[in-house]
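What follows is the residue order along each chain.
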Amino acid sequence: YVEAIDLLATSGPYGSPLSVAIETRKLQIVQDVAALPSDIPWRQFALESGFRSMIALPLPISGDEFGLLAIYAAEPNVFSEEAVDVLSELAADISFGVDALRTRVERTSYRTRFEASLEAAVRAIATAAELRDPYTGGHQRRVAELSAAMSQELGLPASDTNGIAVAASIHDIGKLAVPAEILSRPGRLSEAEFAIVKEHAQAGHDIVEGIDFPWPVAEMIRQHHERQDGSGYPQGLRGDEILLGARILAIADIVEAMHSHRP
């Protein structure tokens, strides 16, 4: 059969069901090969191969690709109306299955690329903060590690833990909007200067808001200085109004700041 595929694929008025179905994209049936004119090129080969009846069913696949299901029988007049209906349904199922498999592969590939792009974006953002203020960079990494450990201890799903760690790794990115002389001052800040520092939570939210993270990263960044009693900033949220991820991040942020040397 394979060696004679060129013969079976011959087009034109004497083409086989295989070739005609490919050309027309329509179902083709030959109920009795022996009844065909003797000068048809592929007729003798079909008879010698034991093919008396044939059906070729198109397999429409999304895009420009196209397949074919060819079935051969040793007896004539095998493909009744009922058989054709069943085989047509089979062909449709095969087409659907091919599309479904391709979609799954494409989705997996896209997700892999998407996650890699997100990781690259997070690294770039974290690096930007670290270049301006090396303390902030190291602080963010340590807060991310502590936040992930806390999330795991709480039994959160791996995806939620990853999201919290991502938010933690860039939670102080808004400090790019704070003058360096204020960030690095060793003494106590004035009320006006501290008000400027407090703007970093909202600024961080605004910087990453346009990135399509699968977690509420921007909101966790905005809320990481909120407090359970409502005394935090910038929105004065309290209790369960604060995202769980932001509450975990807030604790990790405070603990790391108390534990480390800082200006």
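Residues numbered from 1 in each chain as written. Predicted model: local features only at pLDDT ≥ 70, side-chain atom pairs only at ≥ 80, totals over all residues. Heavy atoms only, no water.

**Some remarks on the overall build of the protein chain**
Reasoning step 1: Tallying secondary structure elements over the protein chain gives 11 helices and 3 strands in all.
Reasoning step 2: The N-to-C order of helical and strand elements in the protein chain reads α-α-β-α-β-β-α-α-α-α-α-α-α-α.
Reasoning step 3: A compact globule built from 263 residues would reach a C-alpha radius of gyration of about 18 Å, whereas the protein chain, at 34 Å, exceeds it by more than 25%.
Reasoning step 4: Projected onto its principal axes, the C-alpha coordinates of the protein chain cover approximately 105 × 35 × 25 Å.
Reasoning step 5: By the burial criterion, 38% of the 263 residues in the protein chain qualify as buried.
Reasoning step 6: In the protein chain, of all internal contacts separated by at least 6 residues, the share reaching a separation of at least 24 is 57%.
Reasoning step 7: As displayed, the protein chain has an accessible area near 15,000 Å², and 56% of this comes from carbon and sulfur atoms.
Reasoning step 8: For the protein chain, the distance from the average position of its 22 positive side-chain charges to the average position of its 38 negative side-chain charges is 9 Å. (Helix = DSSP H or I, 4+ residues; strand = E, 2+ residues; numbered from the N terminus. Rg over C-alpha atoms; globule rule 2.2 N^0.38 Å. Buried < 20%, exposed > 50% of the residue type's maximum accessible area, 1.4 Å probe, protein only. Contact = heavy atoms within 4.5 Å. Areas by Shrake-Rupley, 256 points an atom, 1.4 Å probe, with all protein chains shown as cover. Lys, Arg positive; Asp, Glu negative; His and termini not counted. Charge placed at Lys NZ, Arg CZ, Asp CG, Glu CD.)

**A look at the confidence of the model for the protein chain**
For any part of a model where pLDDT is low, the fine detail of the predicted coordinates should not be relied upon.
Reasoning step 1: Mean pLDDT for the protein chain: 87, with 95% of residues reaching 70 or above.
Reasoning step 2: When pLDDT is averaged over each element of the protein chain, helix H10 (residues 217-223) comes out on top at 96 and helix H1 (residues 5-8) at the bottom at 73. (pLDDT = per-residue confidence, 0-100.)

**Some words on the side chain of Glu256**
Reasoning step 1: Mapped onto the secondary structure, Glu256 falls in helix H11 (residues 244-259).
Reasoning step 2: When sequence neighbours within four positions are dropped, the list of residues in contact with Glu256 reads Tyr135, His139, Arg142 and Val143.

**Description of the pairing of strand E2 (residues 53-60)**
Reasoning step 1: Of all 8 residues in E2, 7 are buried; the element is thus mostly enclosed.
Reasoning step 2: Strand direction decides the pairing type here: strand E1 (residues 28-30) and E2, joined by 3 bridges, are antiparallel. Paired with Gln28 across the bridge in E2 is Ala56.
Reasoning step 3: Bridge count for E2 against strand E3 (residues 66-73) is 8 bridges, and the pairing is antiparallel. (Pairing = 2+ DSSP bridges.)

**Focus on the packing of aromatic side chains**
Reasoning step 1: All chains considered together, the criterion is met by 1 aromatic pair.
Reasoning step 2: With a centroid separation of 4.4 Å and an interplanar angle of 25 degrees, the aromatic rings of Phe51 and Tyr72 are classed as stacked. Of this pair, Phe51 sits in the loop between helix H3 (43-48) and E2 while Tyr72 is found in strand E3, placing the two residues 21 residues apart along the sequence.
Reasoning step 3: With relative accessibility at 22%, the residue Tyr72 sits in the partly exposed group. (Phe/Tyr/Trp six-rings, centres within 6.5 Å; stacked < 30°, edge-to-face > 60°.)

**Looking at the pattern of salt bridges**
Reasoning step 1: Within this structure, the stated rule accounts for 5 salt bridges.
Reasoning step 2: For the salt bridge of Arg52 with Asp32, the shortest nitrogen-to-oxygen distance reads 2.9 Å. Here Arg52, found in the loop between H3 and E2, pairs with Asp32, found in the loop between E1 and H3; they are 20 residues apart in sequence, far enough to count as distant.
Reasoning step 3: On the basis of relative accessible area, Asp32 is assigned to the partly exposed category, the value being 21%.
Reasoning step 4: The partner of Arg142 in a salt bridge is Glu256, with the nearest N and O atoms 2.4 Å apart. (Salt bridge = Lys/Arg side-chain N within 4 Å of Asp/Glu carboxyl O.)

**Observations regarding the nonpolar core**
Reasoning step 1: Val166, Ile170, Val208, Phe213 and Val217 are the most contacted members of the largest nonpolar core, which totals 21 residues.
Reasoning step 2: Breaking this core down by element, the ones donating at least two residues are helix H4 (81-132), helix H6 (158-169), H10 and H11.
Reasoning step 3: Considering every element that reaches this core, the biggest residue donor is H4, with 5 residues.
Reasoning step 4: Counting 11 residues, the second-largest nonpolar core is a separate cluster that includes Ala4, Leu18, Ile40 and Trp42. (Core = buried A, V, L, I, M, F, W, Y, C linked by side-chain atoms within 4.5 Å.)

**Observations regarding unusual backbone geometry**
A negative phi angle is the norm for most residues apart from glycine, just as the trans form is the norm for most peptide bonds.
Reasoning step 1: For the bond from Tyr233 to Pro234, the omega torsion is 10 degrees, close enough to zero to count as cis.
Reasoning step 2: For Pro234, the location among the structural elements is in the loop between H10 and H11.
Reasoning step 3: Of note in this structure, Arg25 is not a glycine but carries a positive phi near 60 degrees.
Reasoning step 4: Looking at the element boundaries, Arg25 is found in the loop between helix H2 (17-24) and E1.

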